[in-house]
Amino acid sequence: MEIVEEHLRDLLLRGLQADAAAYERFLKELGAHLRAFLRRRLSQYLGEVEDLVQETLLAIHNQRHTYRPDMPVTAWAHAIARYKLIDWLRSHRVKEALNDPLDDAGELFASSDEEAAEARRDLGRLLQTLPERQRLPIVHVKLEGLSVVEAARLTGMSESAVKVGVHRGLKALAAKIRGTA
Amino acid sequence: MKTDDWVAMLATGAQPVPAHALERRLFAALVAGGAGAATLMLLVFGLRPELAQMAALPMFWGKLGFAAALALPAGWALLRLARPGADWRRVLRWAALPVALVWALAGWALLQSPEADRWGQVLGSTWRSCPFNIALLSVPMWIACFWVLRRAAPTRLAWAGAGAGLLAGAVGALVYAVHCPEMALPFVAVWYVAGMMIPTVLGALLGPRLLRW
């Protein structure tokens, strides 16, 4: 656990400084832990696991500003995973599983599962539901890998509008996935 | 969609995250909420002409101190409630200290005074309006706190709502104390606490609905 903590913390801190490669590794490794954790917790709903892994990773990305370098990454990520799992169980009315204790951060990092499955969710279709000022920045910056400057030139939007569009667009995606917007 | 592609999408072009984003937002909320409460106070109640005489009494400052002593742990707890995995319980417990102290001092003051005066000390002349005035002045800060929380990641939504409500109530009480003519501690112990509980309970009730993410 301590080794995992130091390793993930290093990756996340670099990621927060916009080191995209470190950040991608952080999300990927965290995703493997999440997958193992959720497969165990949702053994009756294995078909849902990959969707929830992705939803939780999106939440972690959208909330990365709430991480503080003086707290353990494992505790922070576990709290988000726990919140997302409970939210999922409630909205799917799975009552039994809500009674199991979920307070041990060690459980999330005890194992990892790298075998990523395909989620049923289709990003392309989700993106279609977003307004253009959010969809275009996400398509150009997040999917095509253009820089903010290039995306701004291509769309005729200002650079800050592109950044805001990505940020709000990802939040809007999270809300759509959750089914509250 | 494959999770590897999903992760790559999230990581691509991720912007650096400014440090202390949450603290800066809470500070902005305090400025907005405090200014909003002060404006409401001036518009609805106005300043008392005898404010200078009131400010000469220790109890005037006692009320301000009481509200500030609650706002401090509430704000600190709110910063932790807004972050997943941070320990907020221990911080929130500090809010019980000023309340316990004021209750103890008020009980002592009541015991010291003749029986005929006791009700007068508790009810003062404004007990009917005081809690609602505090709740009214807490509205701007309540909205500002929920604005902060909606941009953060609270995982205990009812508690986060209650923390936001308590901070809003304390700010409301702090501003109302400038107008409030009551100078008896038993009054503060009952009606100030009641006034701050209104936004706190509302926050706890509305938190789960407004703060989901």
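As a convention, each chain's residues are numbered from 1 in the sequence order in which they are written. Naming scheme: in the order in which they are written, chains are lettered from A and ligands are numbered from 1. With the structure being a predicted model, the display of local features is reserved for residues of pLDDT at least 70 and the display and counting of side-chain atom pairs for 80 or more, all residues being used for whole-chain, interface and lining totals.

Visitor: Talk me through the overall build of chain A; I want residue IDs and the actual numbers.
Guide: In this text, helices come from DSSP runs of H or I with a minimum length of four residues, and strands from runs of E with a minimum of two, each type numbered from the N-terminal end. In terms of helices and strands, chain A carries 9 helices and 0 strands. For chain A, the α and β elements follow one another from N to C terminus as α-α-α-α-α-α-α-α-α. Relative to a compact globule of 181 residues, whose C-alpha radius of gyration would be 16 Å, chain A shows 17 Å and is just as compact. The principal-axis extent of the C-alpha atoms belonging to chain A is close to 50 × 35 × 25 Å. Exposure criterion: with C-beta atoms placed from backbone coordinates, a residue whose C-beta has 20 or more other C-beta atoms within 10 Å is buried, one with 12 or fewer is exposed, and one in between is partly exposed. Counting across all 181 residues of chain A, residues that qualify as buried make up 40%. Long-range contacts, defined as pairs at least 24 residues apart, comprise 61% of the intrachain contacts of chain A with a sequence gap of at least 6. Just to be clear, the radius of gyration here is over C-alpha atoms, and the globule rule we use is 2.2 Å times residues to the power 0.38. Once C-beta atoms have been placed from the backbone, residue pairs whose C-beta atoms lie within 7 Å are recorded as contacts.

Visitor: Lay out the nonpolar core with the relevant residues and their values.
Guide: If you look at the biggest cluster of nonpolar residues, it comprises 112 residues, and the most contacted ones within it are Leu78, Ala82, Cys145, Leu167 and Ala170 of chain B. Looking at this core element by element, the count peaks at 14 residues for helix H9 (residues 157-179) of chain B. Contacts of Ala82 of chain B, omitting those with residues within four sequence positions, involve Thr66 of chain A together with Leu22, Val148, Leu149, Ala152, Ala153, Pro154 and Ala160 of chain B. Structurally, a nonpolar core is described as a collection of buried Ala, Val, Leu, Ile, Met, Phe, Trp, Tyr and Cys residues joined by way of C-beta atoms within 7 Å.

Visitor: How would you summarise the confidence of the model for chain A if you had to cite specific residues and measurements?
Guide: As a per-residue quantity, pLDDT reports the predictor's confidence and falls between 0 and 100. For chain A, mean pLDDT is 89; residues scoring 70 or higher make up 99% of the total. Taken element by element, the predicted model of chain A shows its lowest mean pLDDT in helix H5 (residues 105-109) of chain A (83) and its highest in helix H7 (residues 132-143) of chain A (94).

Visitor: Just give me the short version of helix H4 (residues 73-91) of chain A, but keep the residues and values in it.
Guide: Helix span, as expected, comes to 1.5 Å for every residue beyond the first. Taking 1.5 Å as the rise per residue, H4 of chain A with 19 residues should run 27 Å; its terminal C-alpha atoms sit 27 Å apart, in good agreement. Remark: Arg93 of chain A follows H4 of chain A within two positions and exhibits a positive phi of approximately 55°.

Visitor: Tell me what's going on with the interface of chain B and chain A, and back it up with residues and numbers.
Guide: Note: interface size is frequently given as the accessible area lost on complex formation between the parts. The partner chain A presents 43 residues to the 28 residues of chain B that form the contact. Listed by contribution, the elements that provide at least two residues to the side of chain B that touches chain A are helix H1 (3-11) and helix H2 (21-44) of chain B. When residues of the side of chain B that touches chain A are assigned to their parent elements, the largest contribution, 8 residues, is made by H1 of chain B. In the side of chain B that touches chain A, the residues fall into 18 nonpolar, 6 polar and 4 charged. Amino acid classes used here: Ala, Val, Leu, Ile, Met, Phe, Trp, Tyr, Cys and Pro are nonpolar; Asp, Glu, Lys and Arg are charged; the rest, including Gly, are polar.

Visitor: Quick one: what's the story with unusual backbone geometry, residue by residue and with numbers?
Guide: One non-glycine residue, Ala18 of chain A, lies in the positive phi region at around 75°. Take Ala18 of chain A: it is sitting in the loop between helix H1 (2-16) and helix H2 (20-41). For His20 of chain B, which is not glycine, the phi torsion reads 60° and is therefore positive. Positionally, His20 of chain B belongs in the loop between H1 and H2. With 11 C-beta atoms packed within 10 Å, His20 of chain B lands in the exposed category.

Visitor: Please give an account of helix H9 (residues 159-178) of chain A that cites residues and values.
Guide: All names here are of chain A. Here H9 contains 20 residues, and its C-alpha end-to-end distance of 29 Å stays within 8% of the 28 Å for a straight helix at 1.5 Å per residue. Buried within H9 we find Val162, Gly165, Val166, Gly169, Leu170 and Leu173. Buried residues of H9, viewed axially, fall in a sector of 125°; they line one side. Those residues of H9 that are buried lie in contact with helix H3 (46-62), helix H6 (123-128), H7 and helix H8 (148-155). Directions are taken from the helix axis to each C-beta atom, and the arc is the one they span.

Visitor: Which residues make up the packing of H7 of chain A against H8 of chain A, and what values do they have?
Guide: All names here are of chain A. Where H7 contacts H8, the two axes come as close as 9 Å, and the packing angle between them is 135°. One finds that H7 runs oblique with respect to H8. Crossing hand, H7 versus H8: right-handed. Residues Leu136, Pro137, His140 and Val141 of H7 form the contact with H8, whose participating residues are Val148, Ala151, Leu154 and Thr155. By residue class, the composition of the contact of H7 with H8 is 6 nonpolar, 2 polar and no charged. Orientation is described by lines fitted to C-alpha atoms, with helices fitted over the stretch in contact, and by angles between N-to-C directions that extend from 0 to 180 degrees. Here the word oblique covers every angle except those under 35 degrees (roughly parallel), over 145 (roughly antiparallel) and from 65 to 115 (roughly perpendicular). For any helix crossing, the convention is left-handed if the near helix is rotated counterclockwise from the far helix by under a right angle, and right-handed if that rotation is clockwise.

Visitor: How would you explain the packing of H2 of chain B against helix H8 (residues 130-150) of chain B if you had to name every residue and give the values?
Guide: Residues and elements named next belong to chain B. Where H2 contacts H8, the two axes come as close as 8 Å, and the packing angle between them is 160°. By the angle class used here, H2 and H8 are roughly antiparallel. In this structure, H2 crosses over H8, and the sense of that crossing is right-handed. Taken together, the residues of H8 that come into contact with H2 (itself represented by Arg25, Leu26, Ala29, Ala32, Gly33, Gly36, Ala37, Leu40 and Met41) are Leu136, Leu137, Pro140, Met141, Ala144, Cys145, Trp147 and Val148. Among the residues making up the contact of H2 with H8, the classes are represented as 14 nonpolar, 2 polar and 1 charged.

Visitor: Account for the environment of Ile138 of chain A, naming residues and giving values.
Guide: Residues and elements named next belong to chain A. Along the chain, Ile138 turns up in helix H7. Given 26 C-beta atoms within 10 Å, Ile138 falls into the buried group. In sequence terms Ile138 and Asp103 are 35 residues apart; their C-alpha atoms lie 35 Å from each other. Not counting chain neighbours up to four residues away, the residues in contact with Ile138 comprise Leu127, Leu143, Val166 and Gly169.

Visitor: Account for the environment of Leu167 of chain B, naming residues and giving values.
Guide: Mapped onto the elements of the fold, Leu167 of chain B is located in helix H9. With residues near it in sequence (within four places) discarded, Leu167 of chain B still touches Ala71, Ala74, Gly75, Leu78, Met141 and Cys145 of chain B.

Visitor: Describe the environment of Ala162 of chain B, listing the residues and the values that go with them.
Guide: Residue and element names in this part refer to chain B. Counting through the fold element by element, Ala162 comes out in helix H9. On the basis of neighbour counts, which here come to 25 C-beta atoms within 10 Å, the residue Ala162 falls in the buried class. Along the chain, Ala162 and Val201 lie 39 residues apart, while their C-alpha atoms are 6.2 Å from each other. Beyond its immediate chain neighbours, meaning those up to four positions away, Ala162 contacts Thr200, Gly203, Ala204 and Gly207.

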